[in-house]
Amino acid sequence: MTIGLIMKFNSNIDNNNIDIRVAIINIDNSLSSAILGMIDIFSIANLFCGGKKIDVSIVHTKDNIKSFNTHAKLESNEVDKKGNYHIVIIPPIVDIEFSMEKDEQLSNWLYQMVQEGNHICSVCAGAYILAQAGLLNGKKATTHWLLESKFQKEFPLIDVDIDKIIIEDGHIITTGGVSTYIDLCLYIIRKFISPDVAQSCANYLVVDTGRMSQKPYKDLTILANHNDEDIKCLMHWIEEHYQKKISITQMAKQISISTRTLIRRFKKATGELPNNYIQKIRVQKAKEFLINTNDSFEIITYNIGYDNASTFRRLFKDMTGLNPSEYRRSFMLK
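What counts and how
Per chain, residues are indexed from 1 in the order of the written sequence. Residue-level local features of this predicted model are given only where pLDDT is at least 70; pairs of side-chain atoms are given and counted only at 80 or more, and the full residue set underlies all totals for whole chains, interfaces and linings. Only hydrogens and water are set aside; all other atoms, that is, all heavy atoms of the structure, feed into the side-chain values. Aromatic rings from Phe, Tyr and Trp, with only the six-membered ring used for Trp, were paired whenever their centres fell within 6.5 Å, and each pair was classed as stacked if the ring planes differed by under 30 degrees, edge-to-face if by over 60, and tilted otherwise. Only DSSP runs of H or I covering at least 4 residues are called helices, and only runs of E covering at least 2 are called strands; the numbering of each starts at the N terminus. The classification of residues rests on relative accessible area computed with a 1.4 Å probe and restricted to protein chains. Under 20% of the type maximum is buried, over 50% is exposed, and intermediate values are partly exposed. A helix is expected to span 1.5 Å multiplied by its residue count minus one. The contact definition used throughout considers only heavy atoms, calling two residues in contact when any of these lie within 4.5 Å.

**Digging into the packing of aromatic side chains**
Thinking step 1. A full pass over the atoms with the stated rule returns 12 aromatic pairs.
Thinking step 2. Ring geometry for Tyr128 against Phe155: centres 5.3 Å apart, planes inclined by 75°, an arrangement best described as edge-to-face. Of this pair, Tyr128 sits in helix α3 (residues 127–132) while Phe155 sits in the loop between α4 (148–154) and β7 (159–160), placing them 27 residues apart in sequence. Taken as a pair, Tyr128 and Phe155 share a single burial class, namely buried.
Thinking step 3. A centroid spacing of 4.7 Å and a plane angle of 35° characterise the contact between Tyr306 and Phe312, whose relative ring orientation is tilted.

This is the structure:
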């Protein structure tokens, strides 16, 4: 189920007198600040708890962990093979190439934890670890928006909804980009402690508890990697001429193929139809104009090649989750 729906408590931790035991996995290229940040948030939540607390451990399945920031070495202990945890969290992993090797020992241990009814969580690219272990097969999940095409290609059994900030399906909880470790912590506090404690913690931290979507942060022009050189050339041409009216016929002539072949090859290479890609280019450019200029949305609409500002405003909100004025308020540097 997704955030906002009625939540069921893990039968292992529905006793109000039992502290919640959380294990954060120390893993190669993990973001030390996020691990420490989660520990801090749970510690702050404990200040507001009248009953059970959250007890956090940093654990590992192998020695000599290399954090993303080599200057921030974290102390961690070997995992409790008996699974003496209620919640296990895979932290954000900073790996631009997303070339993480599968850790069989970790995968087997995570599978064991799920089988025993514990909750497994991932933040950002940490979802890749869960995917490698097969724990997301047949489930809805989210991760960093940059991983969307890679997930869809490598793990077709996962129902990826990249727009969501947080998704819970069964005992698996996944979250989006790097900073969503904050959202995850508040979600866990709300679910396993109480909504009041979660809100008190959020108020103390002065953080927004209402984030629901990654849409505003997504670069719409980043598509699946491919080796079709003709389509690459066409995409470059579109980026230079997006302000003009571009037809399917024009695009086909640009790379000397038929319109039918163009549509088939473009979809195969990028996962998008040509006209949809043009729309994404224009919305992405509009986002840039909104945060870098003081131009009205009507002027921006004209400059990016649209005639009707009302139509483009609806398209903009559909793709970003915000209307233009909301987007400008949220992202424009003051």
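**Points about helix α10 (residues 274–292)**
Thinking step 1. An ideal rise of 1.5 Å per residue puts 27 Å on 19 residues; α10 measures up with 27 Å between its terminal C-alpha atoms.
Thinking step 2. Taken together, the buried positions of α10 are occupied by Pro274, Tyr277, Ile278, Lys280, Ile281, Arg282, Val283, Gln284, Ala286, Lys287 and Leu290.
Thinking step 3. Buried-residue contacts for α10 involve α7 (229–241), α8 (248–254), α9 (259–270), α11 (297–303), α12 (309–320) and α13 (324–331).

**Focus: unusual backbone geometry**
Thinking step 1. The backbone phi angle of Cys124 is positive, close to 55°, even though this residue is not glycine.
Thinking step 2. Within the secondary structure, Cys124 sits in the loop between β5 (119–122) and α3.
Thinking step 3. Despite not being glycine, Ser256 has its phi angle at roughly 55°, a positive value.
Thinking step 4. Within the secondary structure layout, Ser256 lies in the loop between α8 and α9.

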